[in-house]
Amino acid sequence: PKAFSEEQILFSNPWYFSVNNITMPVTLWHGEDDCHVNIDLARKLASLIPKGQIQEEKGYGHFLIYHRWRDILSHHLNCIAK
């Protein structure tokens, strides 16, 4: 419960930077079946980041990272290598 409460406080306060100032490419990975965080929020955030994109994963929910972490890391390592 403590981690959930702390996360809610973080999300309810303004960030100390503007996502418009992010200059590097950013890929957000999000499970389409996530019932904790609406995918529309991730889509909106990705659209606000100048080089942002979203990787929507069918059949995955909030804990997508535990199932797809190798793919996520490989994607980011490939981006760095370019």
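A.B. asks: Explain the pairing of strand β2 (residues 52-57) here, please?
C.D. replies: On a regular strand, one side chain projects to one face of the sheet and the next to the other, so that they alternate. For strand β1 (residues 26-31) and β2, the ladder comprises six bridges, and the chain directions are parallel. The partner of L28 across the bridge, within β2, is I54.

A.B. asks: Where do I start with the nonpolar core in this structure?
C.D. replies: The nonpolar side chains of a soluble globular protein tend to be buried with one another. The biggest cluster of nonpolar side chains holds five residues, and these are V19, V26, L28, A46 and I49. If we ignore the near neighbours within four places in the chain, the residues touching V26 are I49, K51, G52 and Q53.

A.B. asks: How should I be thinking about the packing of aromatic side chains in this particular structure?
C.D. replies: Two aromatic rings are characterised by how far apart their centres lie and by the angle between their planes. Inspection of every chain in the model, using the stated rule, returns two aromatic pairs. Measuring from ring centre to ring centre gives 5.6 Å for W15 and F17, while their planes differ by 25°; the resulting arrangement is stacked.

A.B. asks: Teacher, can you tell me more about the side chain of D34 here?
C.D. replies: With respect to the element layout, D34 can be found in the loop between β1 and α2 (39-48). For D34, which is buried and forms no salt bridge, the nearest opposite charge comes from R43, at a distance of 12 Å. At 2.7 Å, the side chain of D34 forms a polar contact with the backbone nitrogen of H36. Among the polar contacts listed, one links the side chain of D34 to the side chain of H62, at a separation of 3.0 Å.

A.B. asks: Sorry if this is basic, but what is going on with the pattern of salt bridges here?
C.D. replies: A side chain with one charge may pair with a side chain of the opposite charge, provided their charged atoms come close. For the coordinates displayed, the defined rule picks out five salt bridges. A salt bridge links K2 to E6, with the nearest nitrogen and oxygen atoms 3.9 Å apart. Residue K2 and its partner E6 are located together in helix α1 (residues 2-12), separated by four residues, close to a single helical turn. Judged by its relative accessible area of 61%, K2 falls in the exposed class. A residue is classified by how much of its surface remains accessible, and E6, at 42% relative accessible area, is partly exposed.

Definitions and limits used
Residues numbered from 1 in each chain as written. Predicted model: local features only at pLDDT ≥ 70, side-chain atom pairs only at ≥ 80, totals over all residues. Heavy atoms only, no water. Pairing = 2+ DSSP bridges. Helix = DSSP H or I, 4+ residues; strand = E, 2+ residues; numbered from the N terminus. Core = buried A, V, L, I, M, F, W, Y, C linked by side-chain atoms within 4.5 Å. Buried < 20%, exposed > 50% of the residue type's maximum accessible area, 1.4 Å probe, protein only. Contact = heavy atoms within 4.5 Å. Phe/Tyr/Trp six-rings, centres within 6.5 Å; stacked < 30°, edge-to-face > 60°. Lys, Arg positive; Asp, Glu negative; His and termini not counted. Salt bridge = Lys/Arg side-chain N within 4 Å of Asp/Glu carboxyl O. Polar contact = N/O pair within 3.5 Å; in protein donor to acceptor, adjacent residues only side chain to side chain.

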